[in-house]
Amino acid sequence: LPRCLAAINTAILAPCQDTMSVSLVQSHTPSFEKEDTCECCGATEVTMRPCFSPLASVVSTAPLSTSAGVVPCTSSNEAAAMLSRADCIASLVRRPLSVETAAAFRAYLASKPEWPNFEHAHPLEPTRDRVAIIDFLGLPDSACDDVLSKARGYGNGLPPRRSERCASAHEAIAQVTMPLPQELRQAVTRDAGELLQALYEHTSRRMYALHLELVLGDTCQKWHCDQNIARALVTYVGPGTLCASEEAVTRASDGSVDAVCDAEGISCVAGDILLMKGGLFHGCGRGVAHRAPPIGDVTKCTQHRLVLKVDISEDF
């Protein structure tokens, strides 16, 4: 029956799609072929798990411009709003950390922190990843002053999703940032809250994966694009992610990245906020070309990184 409903829905909407410049409100009809993405590099694997799209506000479906660029912004809120533009493949807030805050983050990583629950991690695994799911499903469409207090959070150390006493998004953020010293926890918590609220407000997506990553060695060194919806990144220690505007990118016929002019790559520094469209962003068709900065393999790396990541997730 769900497959039949999906087919009927597609047949009804198809005649309208070639003349529309904006999307119709998305259906709650389940789709059975969705792509899971690798948390590290965005590689896809087709699954057959039912997945529901939220009722979303009208957003642009204009094809991504071949000259789409990395748009400079002044705040997380502005950066999230820019994602709806066809000439934006990513948005970037240049926000260097204060001298004192940067020094505190560096001192924390220099202490070689051991995060709980990673005692049995493989010694060559390049990341330690604390994760929580932030769930805005069921919230009223009307804006409220503190949407994070009404959103739900679940993951390790939190009540199960269907628990009678669900954790709030605030509690989930606190659980993810728990290993950090108080001063640093406050800074990361503020960024996580602002990004979640901005993305929810401007994309109407309801599900997010919040990560705090301790990066101990090289991850994705090759220029690539992710098959996800969108991702926000903030690096607090070490070099930041590199990305590129479309004019610097050569793509294959399927939209994957063949090459990037390294001289035109854009480097983030500690404190910058980068929001990146993925290949599944509505109306996009291809994600921003990017790669992780080289820091050496785990056995030789002396420049560890601390990264906050907020991924827009498919509903489940």
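Right above here is the structure, for reference.
Residues numbered from 1 in each chain as written. Predicted model: local features only at pLDDT ≥ 70, side-chain atom pairs only at ≥ 80, totals over all residues. Heavy atoms only, no water.

Remarks on the packing of aromatic side chains
Phase 1 of the analysis: Under the criterion given, the structure shown has 3 aromatic pairs.
Phase 2 of the analysis: Residues Phe105 and Tyr236 carry aromatic rings whose centres are separated by 4.9 Å and whose planes lie at 25° to one another, so their mutual orientation is stacked. Residue Phe105 is located in helix α3 (residues 99-110), and its partner Tyr236 is located in strand β9 (residues 230-237); the two are separated by 131 residues in the primary sequence. Like Phe105, the residue Tyr236 is buried in the burial classification.
Phase 3 of the analysis: When the ring of Phe136 is compared with that of Tyr200, the centres are 4.3 Å apart and the planes differ by 10°; the resulting orientation is stacked. Separated by 64 residues along the polypeptide, Phe136 in the loop between β5 (127-135) and α4 (147-150) and Tyr200 in helix α6 (residues 182-203) bring together distant segments of the chain.
Phase 4 of the analysis: Given the relative accessible area of 0%, Phe136 is considered buried. (Phe/Tyr/Trp six-rings, centres within 6.5 Å; stacked < 30°, edge-to-face > 60°. Helix = DSSP H or I, 4+ residues; strand = E, 2+ residues; numbered from the N terminus. Buried < 20%, exposed > 50% of the residue type's maximum accessible area, 1.4 Å probe, protein only.)

Section: the environment of Val93
Phase 1 of the analysis: Take Val93: it is sitting in strand β4 (residues 88-93).
Phase 2 of the analysis: Remark: the alpha-carbon pair of Val93 and Leu275, spanning 182 residues in sequence, is separated by 8.7 Å.
Phase 3 of the analysis: Apart from residues lying up to four places away in sequence, Val93 is in contact with Cys73, Thr74, Ser75, Ser76, Ala79, Asp272 and Ile273. (Contact = heavy atoms within 4.5 Å.)

Things to note about the side chain of Lys309
Phase 1 of the analysis: Mapped onto the secondary structure, Lys309 falls in strand β16 (residues 305-313).
Phase 2 of the analysis: Polar side-chain contacts of Lys309 include one of 2.9 Å to the side chain of Glu213. (Polar contact = N/O pair within 3.5 Å; in protein donor to acceptor, adjacent residues only side chain to side chain.)

What to know about the pattern of salt bridges
Phase 1 of the analysis: Counted under the stated rule, the structure contains 12 salt bridges.
Phase 2 of the analysis: Between Asp272 and Arg94 there is a salt bridge; the shortest N-O distance is 2.6 Å. Separated by 178 residues along the polypeptide, Asp272 in the loop between β13 (266-267) and β14 (273-277) and Arg94 in the loop between β4 and α3 bring together distant segments of the chain.
Phase 3 of the analysis: Of the residues examined, Asp272 reaches a relative accessible area of 2% and is grouped as buried.
Phase 4 of the analysis: Across the pair Arg205 and Glu314 runs a salt bridge, and its minimum N-O distance is 3.6 Å. (Salt bridge = Lys/Arg side-chain N within 4 Å of Asp/Glu carboxyl O.)

What to know about the nonpolar core
It is characteristic of soluble globular proteins that their nonpolar side chains tend to be buried jointly.
Phase 1 of the analysis: Counting 72 residues, the largest nonpolar core has Phe105, Ile134, Phe136, Leu199, Tyr208, Leu275 and Leu306 as its most contacted members.
Phase 2 of the analysis: Examining the composition of this core, we find that 9 residues originate from one element, α6, more than from any other.
Phase 3 of the analysis: Non-local contacts of Leu306, meaning those with residues more than four positions away in its chain, are made with Phe105, Leu109, Trp115, Leu180, Leu212, Glu213, Val234, Thr235, Tyr236 and Val237. (Core = buried A, V, L, I, M, F, W, Y, C linked by side-chain atoms within 4.5 Å.)

Comments concerning the sheet that holds strand β7 (residues 167-168)
Phase 1 of the analysis: Taken together, 9 strands build an open sheet; the order of strands is β3-β4-β14-β9-β16-β8-β5-β6-β7 and the sheet is mixed. Here the strands that pair on one side only, and so sit at the sheet edges, are β3 (69-73) and β7.
Phase 2 of the analysis: In this structure, β4 lies alongside β14, joined through 4 bridges in antiparallel fashion. Bridge assignment links Val93 to a residue of β14, and that residue is Ile273.
Phase 3 of the analysis: Here helix α5 (residues 169-176) sits on the sheet and contacts β5, β6 (152-155), β7 and β8 (207-215); the angle it forms with β5, its principal contact strand, is near 175°.
Phase 4 of the analysis: Of the strands in this sheet, β5, β8, β9, β14 and β16 touch α6, which is tilted by about 20° from β16. (Pairing = 2+ DSSP bridges. Axes fitted to C-alpha atoms, helices over the stretch in contact; angles between N-to-C directions.)

Topic: the pairing of β8
Two faces belong to every sheet, and in a regular strand the side chains alternate between them.
Phase 1 of the analysis: When you tally the buried positions in β8, you get 9 out of 9 residues, the bulk of the element.
Phase 2 of the analysis: Residue alternation in β8 divides its side chains into two sets, Met207, Ala209, His211, Glu213 and Val215 and Tyr208, Leu210, Leu212 and Leu214, and both sets are buried.
Phase 3 of the analysis: Here β5 runs beside β8; their pairing, made up of 9 bridges, is antiparallel. Directly across from Ile134, in β8, lies its bridge partner Tyr208.
Phase 4 of the analysis: Bridge count for β8 against β16 is 9 bridges, and the pairing is antiparallel. Each residue of the ladder has a partner; that of Ala209, found in β16, is Asp311.

Considerations on the sheet that holds strand β15 (residues 289-291)
Phase 1 of the analysis: Spatial strand order, β13-β10-β15: 3 strands in an open sheet with antiparallel pairing. Of all the strands in the sheet, the pair left with one neighbour each is β13 and β15.
Phase 2 of the analysis: Sheet analysis places strand β10 (residues 242-244) next to β15, joined by 3 bridges and oriented antiparallel. Residue Ala244 lies in a different strand from β15, and its bridge partner there is Ala289.

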